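Structural overview for review
Single-letter residue listing:
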Amino acid sequence: MSEFKYIIFFIVIFLGIPIGFMMAKKFPKVEKFLWFLLLFFTASTEDINFFSMELYRGTSKGFEIGLVDVTAMIMFLVLLSRREKYPLSLPLGSSLYFIYFAFSCISIINSDIYIYSFFELWKMTRMYLYFFVIYNLIRSFKDIEEFLKYMCIIVFFITVMVLKQKYLEGMFQARGPFPHQNSLVMYLIVYGSFFLSFLLNAKRSNLFLWTIAFGACAIDILATLSRGGMVLFSLSIFIIFILSYVHKFSWRKVGVAGLLLILGTGVLFKASDTIMERIRTAPKESVSVRLILAKAAQNMANEKIFGIGLNNFALKINPPYSYGSHIQRIDDEEKGGLVETIYLMIAAETGWLNMAVFMFMLLFFYFKNLSNYMKLKHGKWRKYRYICIALIGALLSIYLQSSWEWVLKQTNNFYQLMFIFAIIGAIRRIIIKKDFK
């Protein structure tokens with residue numbers, strides 16, 4: 001069966017890509033469907049792993065290639081065929097990403113198992129292709145709103161899966177199509193932020209549809225029973241409400257706030273027993289384990305200027321390496337986990353300097369989004385300010401969640417982060433060219 005899967009996948013690559021390219025070139029509806037798949041396959045990843053090492057506990061376990069990558073390759077060829085009419089350009093922030101990638105490459109000199117590092121480098125390469133394609137696809141604000149419609153479909157798909165897991169399968173912490181409930185939380189905070197901001201700030205929005213879409217995000221996040229996720233989603237909601245009222249006060253916004261308050265109270269009341277059970281049964285040792293692993297990560301980062309090697313943390317947290325010697329183990333067979341913060345993981349594997357580069361890249365896009373927000377305050381283009389408002393709340397939540405979880409290394413969430421960065425860069429380009437369509 002596994003061999004048959006490889007055969008099917010190679011057929012998709014060698015026949016599907018050229019056929020998809022020709023169809024997209026000829027039929028605009030096919031191209032738009034591929035736009036949808038570019039987003040859909042970041043939620044429901046369908047991929048195949050070459051040289052798979054599934055027993056390894058690192059952030060990458062093989063040379064993965066998924067249907068989202070196949071779709072990105074098709075769209076790259078479409079963009080390439082139109083480069084005379086729409087010249088291609090490197091996305092905003094590419095130089096920072098290249099520096100981050102370069103330091104990650106250099107760290108391999110300290111890797112003990114090189115192939116683990118190449119797994120992660122391959123993932124980073126795929127992410128940049130996705131980043132490049134989305135950035136060059138977006139030519140106008142209408143293109144961003146096209147993606148917004150696809151987000152709505154994807155959220156309803158996720159919600160069906162979550163409700164099935166929760167009420168038919170009896171799963172205590174639902175995770176939808178994601179590998180972990182925390183991945184689902186981070187992913188849906190972004191979409192929920194978009195829906196709420198659009199609902200509050202776009203007069204043309206369908207009140208019923210976008211309220212349901214936002215409510216679906218909220219229900220899904222509650223179903224994960226992630227305490228941090230609920231707090232961060234609430235923080236994003238608070239920021240979006242504040243900025244939306246500052247942007248422009250209206251009775252519509254007051255009505256939407258009241259409606260969401262009523263609906264939210266009902267949902268919280270329904271879920272209160274489960275939430276309280278989650279709080280009571282949460283492992284007390286969770287914080288201490290995080291601190292122990294953080295100490296091990298610091299040991300790694302302090303010893304080698306370029307870290308202990310990309311994607312080698314899961315290897316070197318265990319004996320015979322001494323970085324985790326302070327960790328009490330039940331027996332010699334017990335394996336250490338991954339440090340629960342992406343920032344210290346990057347520092348441990350690729351060095352403090354590269355952690356600084358990564359954090360600077362995150363802040364760079366955050367402040368570019370703030371700059372876009374300020375530049376869209378005049379004229380009829382003010383109506384698109386909701387995009388920047390959504391990202392102010394969503395990105396802050398992502399960055400905070402990353403301080404205690406390494407979710408951004410998950411393939412789904414990494415793709416979504418690059419999607420956000422592409423939107424910020426595309427808006428910047430539109431503003432500079434004054435090409436508001």
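Residues numbered from 1 in each chain as written. Predicted model: local features only at pLDDT ≥ 70, side-chain atom pairs only at ≥ 80, totals over all residues. Heavy atoms only, no water.

**Remarks on the overall build of the chain**
When helices and strands are counted, the chain shows 16 helices and 2 strands. Across the 437 residues of the chain, 54% fall into the buried class. Counting contacts in the chain only where the partners sit at least 6 residues apart, residues at least 24 apart contribute 78% of the total. Summing over all exposed atoms, the chain offers an accessible surface of approximately 20000 Å²; the carbon and sulfur share of this is 69%. (Helix = DSSP H or I, 4+ residues; strand = E, 2+ residues; numbered from the N terminus. Buried < 20%, exposed > 50% of the residue type's maximum accessible area, 1.4 Å probe, protein only. Contact = heavy atoms within 4.5 Å. Areas by Shrake-Rupley, 256 points an atom, 1.4 Å probe, with all protein chains shown as cover.)

**Section: a nonpolar patch on the surface**
Together, I7, I8, I11, L15, I19, M22, M23 and F27 make up a nonpolar patch on the protein surface, roughly 730 Å² of accessible area in all. Counting through the fold element by element, I7 comes out in helix 1 (residues 2-26). (Patch = residues over 30% accessible without salt bridge, like charges linked within 9 Å, V, L, I, M, F, W, Y side chains within 5 Å. Salt bridge = Lys/Arg side-chain N within 4 Å of Asp/Glu carboxyl O.)

**A closer look at the packing of aromatic side chains**
Taken as a whole and assessed by the stated rule, the structure comprises 34 aromatic pairs. Ring geometry for W35 against F147: centres 5.2 Å apart, planes inclined by 15°, an arrangement best described as stacked. Pair noted here: W35 is in helix 2 (residues 28-43) and F147 is in helix 6 (residues 141-168), with a separation of 112 residues, a long-range link. Here F147 falls in the buried class, since its relative accessible area comes to 0%. Centre to centre, the rings of F40 and F41 are 5.6 Å apart; their planes meet at 65°, and the pair counts as edge-to-face. Assessed through its relative accessible area of 17%, F40 is described here as buried. (Phe/Tyr/Trp six-rings, centres within 6.5 Å; stacked < 30°, edge-to-face > 60°.)

**Quick notes on the pattern of salt bridges**
Think of it this way: side chains of opposite charge can pair up when their charged atoms draw near. Applying the stated criterion to the full structure yields 8 salt bridges. With a shortest N-O distance of 3.4 Å, E120 and K409 are connected by a salt bridge. Taken as a pair, E120 in helix 5 (residues 114-137) and K409 in the loop between helix 15 (385-401) and helix 16 (411-433) lie far apart in primary sequence, 289 residues in all. According to the relative accessible area criterion, E120 is buried, its value standing at 0%. The network of salt bridges with common partners includes E64, D69 and R126.

**Remarks on unusual backbone geometry**
Residue P319 is joined to P320 through a cis peptide bond whose omega torsion reads 15°. Mapped onto the fold, P320 is located in the loop between helix 12 (313-316) and helix 13 (342-350). Of note in the backbone geometry, L225 takes a positive phi value of approximately 55° without being a glycine. The residue L225 is located in the loop between helix 8 (207-224) and helix 9 (227-247) in this model. Phi at N311 is positive, roughly 60°, even though this residue is not glycine. With respect to the secondary-structure elements, N311 resides in the loop between helix 11 (286-303) and helix 12.

**Description of the side chain of S197**
Note on placement: S197 falls in helix 7 (residues 181-201). Aside from chain neighbours lying at most four places away, what touches S197 is A202, I240, Y386, I389 and A390.

**Here we look at the confidence of the model for the chain**
Per-residue pLDDT for the chain has a mean of 87; in total, 87% of the residues score no lower than 70. Across the chain, the secondary-structure element scoring lowest on mean pLDDT is helix 10 (residues 251-281), at 54, and the one scoring highest is helix 4 (residues 94-106), at 97. A low-confidence stretch, residues 267-272 (pLDDT under 50), is modelled with 5 contacts involving residues beyond four sequence positions or located in other chains. (pLDDT = per-residue confidence, 0-100.)

**Regarding the nonpolar core**
Counting 124 residues, the largest nonpolar core has Y191, F195, I387 and F421 as its most contacted members. Beyond its immediate stretch of four places on either side in the chain, Y191 contacts L39, T42, M151, I154, V155, C217 and Q416. Grouped together as the second largest cluster of nonpolar side chains are 21 residues, F119, A294, F313 and L315 included. (Core = buried A, V, L, I, M, F, W, Y, C linked by side-chain atoms within 4.5 Å.)

**Comments concerning the side chain of Q416**
Locating Q416 in the fold gives a position in helix 16. With sequence-adjacent residues up to four places away left out, Q416 is seen in contact with M186, Y187, V190 and Y191.

**Quick word on helix 2**
Between the first and last C-alpha of helix 2 there are 24 Å, a value that for 16 residues agrees with the 22 Å anticipated at 1.5 Å per step. Of the positions making up helix 2, those classed as buried are E31, L34, W35, F36, L37, L38, L39, F40, F41, T42 and A43. (Expected span 1.5 Å × (residues − 1).)

**Some words on the environment of V162**
Relative to the helices and strands, V162 is located in helix 6. With relative accessibility at 0%, the residue V162 sits in the buried group. In sequence terms V162 and I219 are 57 residues apart; their C-alpha atoms lie 9.0 Å from each other.

**Observations regarding the packing of helix 6 against helix 7**
Geometry of a packed helix pair, given as the angle between the helix axes and the separation of the axes. Direction vectors running N to C along helix 6 and helix 7 enclose 130°, while the axes themselves pass 10 Å from each other. Comparing the axis directions of helix 6 and helix 7 gives the class oblique. Viewed along their axes, helix 6 and helix 7 form a crossing whose handedness is left-handed. Contacts between helix 6 and helix 7 pair E145, L148, M151, C152, I154, V155, I158 and V162 from the former with L184, Y187, L188, Y191, F194, F195 and F198 from the latter. (Axes fitted to C-alpha atoms, helices over the stretch in contact; angles between N-to-C directions. Parallel < 35°, antiparallel > 145°, perpendicular 65-115°, else oblique. Left-handed = near helix turned anticlockwise from the far one by under 90°.)

**Thoughts on empty space enclosed by the protein**
Across all of its chains, the model carries 1 cavity of 30 Å³ or more by this definition. One number sums up the size of the largest cavity: a volume of about 70 Å³. Around the largest cavity, the lining residues are Y97, Y100, E120, I342, F358, M361, L408, K409, F414, L417, M418 and F421. At the level of secondary structure, the elements contributing two or more residues to the lining of the largest cavity comprise helix 4, helix 14 (352-375) and helix 16. In terms of residues, the lining of the largest cavity owes the most to one element, helix 16, which gives 4 residues. Taken together, the residues of the lining of the largest cavity sort by class into 10 nonpolar, no polar and 2 charged. (1 Å grid on protein atoms, 1.4 Å probe; cavity = no way out; pocket = protein on both sides within 12 Å on 5 of 7 lines; lining within 4 Å. Points joined across faces, edges and corners; volume = space filled by probe spheres on them. Nonpolar A, V, L, I, M, F, W, Y, C, P; charged D, E, K, R; others polar.)

**What to know about helix 6**
With 28 residues, helix 6 should cover 40 Å at 1.5 Å per step; its first-to-last C-alpha distance of 40 Å lies within 8% of that length. In the segment just after helix 6, G170 is the residue with positive phi, at about 70°.

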